[in-house]
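Spelled out, the chains give:
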Amino acid sequence: MPANKLQVPRISDAVAASLEKRILEGSLKPGDRLPPERELASEFGVSRPSLREAIQKLASKGMLQSRQGGGTYVTDRLESTFSDPWQAMMGSHPNLREDLLEFRRMLEGQAAEWAAERATEADLQRLEQAFAAMTEAFAGDDLEKRSTTDIAFHQAVGEAAHNALIGHLSAALLRLMHDNIRLNLGELKTIPSATSLLANQHAAIFAAIRDRKPAEARAAAETHIDFVSETLAQTLRSVARRESAARRLNQNTPDFSETLSS
């Protein structure tokens, strides 16, 4: 074979590379179902056998998975390989929460700065929708909705940074922090000014990104994480005090059952 002969990529390799790119950039997210085979083959302009071969290549990498009942789905491998071992250690090493928040501060500060520089109109539209959904949720009492919309807003910022690692690491960290975020939001509901403070912090992040002000976006994101870190520490201390008081109450409560039976 001549040394200078061009190597034409297989059609299935090209399709697999395109799908993989969508997963990396976040267009296809963990849990998303791929469009029907006929529709996807038409979109790529390839035969269905070539499409199946491409899907099999990504399935062998663990990025796609066929489920019982039909359909091919994006797996969470890119995120779970990071978060799974840390999730277990968070329970036995509470101090890791501080390290995690410190890392999140660095990551989200950079994400907000790059989002202000790089966000497309579609990113800004999605960010605005996430911000509106979060604002609506915070006006209600559904704690789960508050936490999921809060996470969705921060994930939208991470993806608007247009850095694949930041997008996926942000998703993994937010999944890892989900229980802490819900706990923190639950405690903050008891503080009259906390909800408005959080609303103002998120609004500052959104406005700085929308107005293309990178330095302000970074500062707003870091200020928010500082607030979260401080209030989470207070929350955990408050929970510990309540649990300790409840244990003392149970231990010191007289047992009158023997007296009554005698």
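Rules and cut-offs
Residues numbered from 1 in each chain as written. Predicted model: local features only at pLDDT ≥ 70, side-chain atom pairs only at ≥ 80, totals over all residues. Heavy atoms only, no water. 1 Å grid on protein atoms, 1.4 Å probe; cavity = no way out; pocket = protein on both sides within 12 Å on 5 of 7 lines; lining within 4 Å. Points joined across faces, edges and corners; volume = space filled by probe spheres on them. Helix = DSSP H or I, 4+ residues; strand = E, 2+ residues; numbered from the N terminus. Nonpolar A, V, L, I, M, F, W, Y, C, P; charged D, E, K, R; others polar. Salt bridge = Lys/Arg side-chain N within 4 Å of Asp/Glu carboxyl O. Buried < 20%, exposed > 50% of the residue type's maximum accessible area, 1.4 Å probe, protein only. pLDDT = per-residue confidence, 0-100. Contact = heavy atoms within 4.5 Å.

## So, the layout of surface pockets
A probe as big as a water molecule, rolled over the atoms, marks out the empty space that is left.
Okay, step 1: Considering only enclosed or pocket space, the largest pocket measures out at about 480 Å³ in volume.
Okay, step 2: Around the largest pocket, the lining comprises 25 residues; the ones closest to its centre are Gly26, Lys29, Arg126, Gln155 and Glu159.
Okay, step 3: Sorting the residues of the lining of the largest pocket by element identifies helix H1 (11–25), helix H6 (121–138), helix H7 (143–160) and helix H8 (164–176) as the ones contributing at least two each.
Okay, step 4: With six residues, the top contributor of residues to the lining of the largest pocket is H8.
Okay, step 5: Each residue belonging to the lining of the largest pocket can be placed in one class, and the counts come to 10 nonpolar, seven polar and eight charged.

## Quick look at the pattern of salt bridges
Okay, step 1: All told, the structure shown has 13 salt bridges when counted by the stated rule.
Okay, step 2: The residue aspartate 226 makes a salt bridge to arginine 105 at a minimum N-O spacing of 2.7 Å. Of this pair, aspartate 226 sits in helix H11 (residues 214–252) while arginine 105 sits in helix H5 (residues 96–118), placing them 121 residues apart in sequence.
Okay, step 3: Since its relative accessible area comes to 31%, arginine 105 is described here as partly exposed.
Okay, step 4: Between aspartate 211 and arginine 210 there is a salt bridge, with its nearest N and O atoms 3.1 Å apart.
Okay, step 5: Beyond isolated ion pairs, a larger network of salt bridges with shared partners links Arg105, Glu113, Arg218, Glu222 and Asp226.

## Some thoughts on the confidence of the model for the protein
Okay, step 1: Here the protein averages 81 in pLDDT, while 77% of its residues score no lower than 70.
Okay, step 2: Summarising per-element confidence for the protein, the mean pLDDT is lowest in helix H12 (residues 257–261) (52) and highest in H6 (95).

## Looking at the side chain of glutamine 201
Okay, step 1: Structurally, the position occupied by glutamine 201 is in helix H10 (residues 194–210).
Okay, step 2: On the basis of relative accessibility, which here comes to 11%, the residue glutamine 201 falls in the buried class.
Okay, step 3: Ignoring sequence-local partners within four residues, the contact set of glutamine 201 consists of His224 and Phe227.

## Structural notes on unusual backbone geometry
With glycine set apart, most residues show a phi of negative sign, and most peptide bonds adopt trans.
Okay, step 1: Residues other than glycine seldom take positive phi values, yet histidine 162 does so here, at roughly 55°.
Okay, step 2: Looking at the secondary structure, you find histidine 162 in the loop between H7 and H8.
Okay, step 3: The exposure class assigned to histidine 162 is partly exposed, which follows from its relative accessible area of 46%.
Okay, step 4: One non-glycine residue, arginine 212, lies in positive phi territory at about 60°.
Okay, step 5: Mapped onto the fold, arginine 212 is located in the loop between H10 and H11.

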